[in-house]
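Notes for the structure review
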Protein chains: 2
Amino acid sequence: MQGLYFEDLSIGQTAEMTRAADDAAIRAFAAVSGDDNPLHLDDAYAAASSFGGRVAHGMLIGAYVSALIAGRLPGPGSVYLRQTLRFRRPVRVGDEVTARVTISALDAATGHVTMRTLCTVRGKTVVDGEAVIMAPRRPA
Amino acid sequence: MQGLYFEDLSIGQTAEMTRAADDAAIRAFAAVSGDDNPLHLDDAYAAASSFGGRVAHGMLIGAYVSALIAGRLPGPGSVYLRQTLRFRRPVRVGDEVTARVTISALDAATGHVTMRTLCTVRGKTVVDGEAVIMAPRRPA
């Protein structure tokens, strides 16, 4: 199981996946993270909050970004070095989140790959940021 | 359920929690994120990799940071605006991860709270970064 090598990558290259931030995902993320804030889990509490209803954990959307990087671009064999995440809009229970990563810089000296990371719901940005990954070299 | 208000916060204020990145957590995170890379799940594959054994997903550690912020400092009612994560060392299956957040700046004009985020295993940094959160004002 091997993803792309540094030599396979070019600026502008992109990958995308869509995943539902549904009730099951939110409850599973609450359990694994330990974040059982009622804003994510309790309809009545969340309805009375400034969000007006339950929202997904921001870091659940971060998890989707990391899965796309680890699975697709560059994929298995790459090493995750850094990620920035800006939580721009709430993600509601059941929203279909599209995560997209796009290569913005390649450093041949270090093998580092910089990517813009963008997550949208119905075309609107919910989380954006930047990732830096080390891609493996193609074996000689 | 209400966390701390902006007026309760001061520079240097800190909170900490420890959580095991054990096999159950890693398998649950793989399921919820969709990242089923064998580096996290398959002993034989991971033993032959550059890591020499299975490691936790980096973003699982990010999830622990976000849970600490949402649950403790500032806690419920705060809004997560930004997070940077630098993945510095691998976290092995079963490692006890200590996440700590420490307030480094407070902006009274915006209610924004900046925190250093540090995750360690046996005293060594595994993930560090910075968070920006909006803390609610104490009602008049």
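My aim in this report is to walk through the structure given alongside it, one point at a time. A quick note: this is a predicted structure, and the numbers were derived from the prediction, not measured.

1. Considerations on the overall build of chain A
A tally of helices and strands in chain A yields four helices and five strands. Shown N-terminal to C-terminal, the secondary structure of chain A runs as helices and strands in the order β-α-α-α-α-β-β-β-β. Within chain A, the fraction of its 140 residues that count as buried is 50%. Put simply, 67% of the contacts in chain A that link residues at least 6 apart link residues at least 24 apart. Total accessible area computed for chain A in this model is approximately 6000 Å², and 51% of it derives from carbon and sulfur atoms. Mean positive and mean negative side-chain charge positions of chain A (15 and 14 charges, respectively) differ by 6 Å.

2. A word on unusual backbone geometry
Residues and elements named next belong to chain A. Here the bond from L73 into P74 is cis, since omega is 0 degrees, no more than 30 degrees from zero. Looking at where P74 falls in the secondary structure, it is placed in the loop between helix 4 (58–71) and strand 2 (79–87). A positive phi angle, close to 50 degrees, is found at R122, a residue other than glycine. Residue position: R122 is located in the loop between strand 4 (112–121) and strand 5 (124–134). Under the relative-accessibility criterion, R122 is labelled exposed at 69%.

3. Considering the interface of chain A and chain B
Tallying the contact residues gives 33 residues for chain A and 33 residues for chain B. Summed over both sides, the interface between chain A and chain B buries roughly 2700 Å², with carbon and sulfur atoms accounting for 64% of that surface. Summed over the shared surface of chain A and chain B, the result is zero salt bridges. The interface formed by chain A and chain B contains eight residue pairs in polar contact (both at pLDDT 80 or more). Elements that contribute at least two residues to the side of chain A that touches chain B include exactly strand 1 (14–21), helix 1 (23–33), helix 4 and strand 2 of chain A. Partitioning the side of chain A that touches chain B into residue classes produces 22 nonpolar, seven polar and four charged. Sheet topology note: the strand 2 of chain A/strand 2 (residues 79–87) of chain B ladder contains five bridges and is antiparallel.

4. Some details on the environment of R92 of chain A
Residues and elements named next belong to chain A. Note that R92 resides in the loop between strand 2 and strand 3 (95–107). With 36 residues separating them along the chain, R92 and A56 place their C-alpha atoms 6.0 Å apart. Filtering out sequence-adjacent residues up to four positions away, R92 remains in contact with A21, F51, G52, G53, R54 and V55. In terms of polar contacts, R92 uses its side chain to reach the backbone carbonyl oxygen of F51, at 2.7 Å.

5. Section: the relation of the copies chain A and chain B
Superposing chain A onto chain B requires a rotation of 180 degrees together with a translation of 0.0 Å along the rotation axis, leaving an RMSD of 0.0 Å. Here the symmetry operator amounts to a two-fold rotation axis. For chain A, the residue whose C-alpha comes nearest the rotation axis is T84 of chain A, separated from it by 2.1 Å. Same-surface contact between copies: 100% of interface residues of chain A are shared with the interface of chain B.

6. Focus: the sheet that holds strand 4 (residues 112–121) of chain B
Spatially, 10 strands are ordered 1(A)-3(A)-4(A)-5(A)-2(A)-2(B)-5(B)-4(B)-3(B)-1(B) in an open sheet, and the strand pairing comes out antiparallel. Only two strands of the sheet have a single neighbouring strand rather than two, namely strand 1 of chain A together with strand 1 (14–21) of chain B. Sheet twist, expressed as the average angle between the axes of neighbouring strands with direction ignored, equals 20 degrees. Alignment of strand 4 of chain B against strand 5 (residues 124–134) of chain B, held across 10 bridges, turns out to be antiparallel. Pairing of C119 of chain B across the sheet is with V127 of chain B, part of strand 5 of chain B. Contacts from helix 1 (residues 23–33) of chain B reach strand 1 of chain A together with strand 1 of chain B, with the element oriented near 105 degrees to strand 1 of chain A.

7. Quick word on the side chain of R54 of chain A
Residues and elements named next belong to chain A. Mapped onto the secondary structure, R54 falls in the loop between helix 3 (43–47) and helix 4. Using a relative accessible area of 10% as the deciding quantity, one classes R54 as buried. Among the polar contacts made by the side chain of R54, one reaches the main-chain carbonyl oxygen of H40 at a distance of 2.9 Å. Apart from residues lying up to four places away in sequence, R54 is in contact with D23, I26, R27, L39, H40, L41, D42, D43, A46, V91, R92 and V93.

8. Some words on the nonpolar core
Judged by nonpolar contacts, the single largest core of 70 residues is most densely connected at M59 and L60 of chain A together with M59 and L60 of chain B. What L60 of chain A contacts, discounting residues up to four positions off in sequence, is A21, A25, I26 and F29 of chain A together with V32 of chain B.

Parameters at a glance
- Residues numbered from 1 in each chain as written.
- Chains lettered and ligands numbered in written order.
- Predicted model: local features only at pLDDT ≥ 70, side-chain atom pairs only at ≥ 80, totals over all residues.
- Heavy atoms only, no water.
- Helix = DSSP H or I, 4+ residues; strand = E, 2+ residues; numbered from the N terminus.
- Buried < 20%, exposed > 50% of the residue type's maximum accessible area, 1.4 Å probe, protein only.
- Contact = heavy atoms within 4.5 Å.
- Areas by Shrake-Rupley, 256 points an atom, 1.4 Å probe, with all protein chains shown as cover.
- Lys, Arg positive; Asp, Glu negative; His and termini not counted.
- Charge placed at Lys NZ, Arg CZ, Asp CG, Glu CD.
- Buried area = accessible area lost by both parts, 1.4 Å probe.
- Salt bridge = Lys/Arg side-chain N within 4 Å of Asp/Glu carboxyl O.
- Polar contact = N/O pair within 3.5 Å; in protein donor to acceptor, adjacent residues only side chain to side chain.
- Nonpolar A, V, L, I, M, F, W, Y, C, P; charged D, E, K, R; others polar.
- Pairing = 2+ DSSP bridges.
- Least-squares fit on C-alpha atoms with pLDDT ≥ 70 in both.
- Axes fitted to C-alpha atoms, helices over the stretch in contact; angles between N-to-C directions.
- Core = buried A, V, L, I, M, F, W, Y, C linked by side-chain atoms within 4.5 Å.

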